[in-house]
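Understanding the architecture of this molecule
Letter by letter, the chains look like this.
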Amino acid sequence: GVTCENTRFSEETVMKVIHLSDLHLGKRVNEFSMLEDQRYILTEVLHIIDTEQPDAVLIAGDIYDKPVPSAEAVQLLDDFLCHLSERKLQVLMISGNHDSAERVAFGGRLMERSGIHVSPVYSGIVDPITLVDSWGEVHFYLLPFLKPAHVRRFYPDEEIESYSDALHTAVEHMNVDKTARNVLLTHQFVAGAERCDSEEVSVGGADNVDASVFDCFDYVALGHIHGPQHVSRETIRYCGSPLKYSFSESNHQKSVTVVELEEKGSLHLRTIPLVPQHDMREIRGSYMEVTSKFFYDGTATDDYLHITLTDEEDVANAIGKLRVIYPNLMKLDYDNTRTRGAFHLEDAADVEHLSPMELFAELYEKQNNQPMSEEQTEYMHDLMEQIWEGAQ
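Quick look at the structure, then. What you see is a predicted model, and the numbers here were worked out from it, not measured in a lab.

A short note on helix H1 (residues 35-52)
- Compared with an ideal rise of 1.5 Å per residue, which puts 18 residues at 26 Å, H1 spans 26 Å between its outermost C-alpha atoms and is within 8% of the ideal.
- Those residues of H1 not exposed but buried are Leu35, Asp37, Gln38, Ile41, Leu42, Val45, Leu46, Ile48, Ile49 and Glu52.
- After H1 finishes, the residue Gln53 shows a positive phi value of roughly 50°.

Brief notes about the sheet that holds strand S7 (residues 116-118)
- Reading across from one edge, S7-S6-S5-S2-S16-S17 is the order of the six strands in this open sheet, with mixed pairing throughout. Because the sheet does not close on itself, it has two edges, and the strands there are S7 and strand S17 (267-273). Sheet twist, expressed as the mean angle between neighbouring strand axes with direction ignored, is 20°.
- Two elements, strand S2 (residues 15-20) and strand S5 (residues 56-60), share four bridges in a ladder whose sense is parallel. If you follow His19 over to S5, its bridge partner there is Leu58.
- Sheet strands in contact with H1 are S2, S5, strand S16 (255-261) and S17, and its direction is about 170° off that of S2.
- Lying over the sheet, helix H2 (residues 71-86) contacts S2, S5, strand S6 (90-94) and S7, oriented at roughly 150° with respect to S6.

A short note on unusual backbone geometry
- Backbone geometry at Gln53 places phi at a positive 50°, although glycine is not the residue there.
- As for its placement among the helices and strands, Gln53 is situated in the loop between H1 and S5.
- With a relative accessible area of 44%, Gln53 lands in the partly exposed category.
- One non-glycine residue with positive phi stands out, namely Asp62, at about 50°.
- Tracing the backbone through its elements, the reader meets Asp62 in the loop between S5 and H2.

About the cut-offs
- Residues numbered from 1 in each chain as written.
- Predicted model: local features only at pLDDT ≥ 70, side-chain atom pairs only at ≥ 80, totals over all residues.
- Heavy atoms only, no water.
- Helix = DSSP H or I, 4+ residues; strand = E, 2+ residues; numbered from the N terminus.
- Expected span 1.5 Å × (residues − 1).
- Buried < 20%, exposed > 50% of the residue type's maximum accessible area, 1.4 Å probe, protein only.
- Pairing = 2+ DSSP bridges.
- Axes fitted to C-alpha atoms, helices over the stretch in contact; angles between N-to-C directions.
- Contact = heavy atoms within 4.5 Å.

Structure (structure tokens):
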């Protein structure tokens with residue numbers, strides 16, 4: 001393991017760490033690049049660090065959004081890590097399921113000299129990073145995202161069928177001293193956590209890890225889930241992503257988690273809100289409502305928006321017109337009689353006896369909850385004739 005003596009510590013200090021995760025640098029949401037929003041929020045995080053003066057910053061995986069990140073995403077991480085290193089604190093970082101463990105680990109041994117500790121590719125052995133405060137040593141274990149196959153490779157004699165089995169085996173072989181203060185950084189789905197749309201979901205909860213696997217740790221700094229929450233007990237915690245990455249997260253209050261460790265068994269948690277450059281919100285109403293000055297006056301019209309129109313008729317070029325007022329409109333939907341109507345063809349056996357025109361008319365009526373007009377019927381009849389003539 002690595003032991004870091006930090007000149008910050010005095011007789012009165014406790015170990016203070018800031019827990020981050022799921023940066024997803026380089027992510028695009030509905031084809032909008034989030035890079036500038038990420039640059040802004042990381043600057044906000046640095047302001048919090050300057051105020052809080054922590055001893056360490058924990059980054060619990062999904063550093064990037066893709067295994068092969070863009071050059072701009074790599075540059076942004078480089079800038080952030082340099083700013084953290086300049087502050088003479090310790091940085092502990094692991095790879096998540098969106099990352100390439102090998103790429104994140106590159107240069108890790110060199111970066112240790114600057115206080116940047118990066119999880120190596122899992123090899124069956126996890127040596128702790130040890131920091132010291134006035135209460136003594138705190139051991140930090142860096143466990144990157146693991147699948148059962150990753151662990152089975154190094155412990156073929158162990159019975160490893162599930163994610164819980166894999167994590168249990170990995171933790172058991174750390175030989176954790178339960179009398180000392182121990183912190184784990186890991187990136188997994190702990191059973192009972194609330195997911196949202198922007199996270200990868202395994203069928204049937206196959207990736208669930210039982211919280212009891214982490215009983216020997218005083219604090220578990222989790223990554224993977226974007227909504228801030230604790231699971232099973234307060235000290236097994238997802239800090240959440242620093243930005244909203246889908247509209248399923250629109251009601252989240254993003255934050256960083258501040259953890260203060262005193263003597264063994266004594267720990268204090270609090271959160272500091274993060275205010276983004278652009279919020280992500282959902283609004284609904286008729287076209288006239290959402291374009292009326294009364295509706296949007298006083299609101300941030302440059303927020304990232306999902307607008308649901310309730311008009312019965314589609315508005316021509318609605319998205320183009322709405323973007324004049326809401327330039328960061330990401331998604332437009334309709335909620336009306338047509339969209340709520342369930343489409344299903346009854347009496348499927350009779351379909352072969354219907355003409356193409358009759359089939360289309362039935363499809364139209366099922367989708368729109370109303371029959372075609374005479375004008376529409378005549379247009380489709382002419383169009384079908386042209387198609388049949390062209391096919392001959």
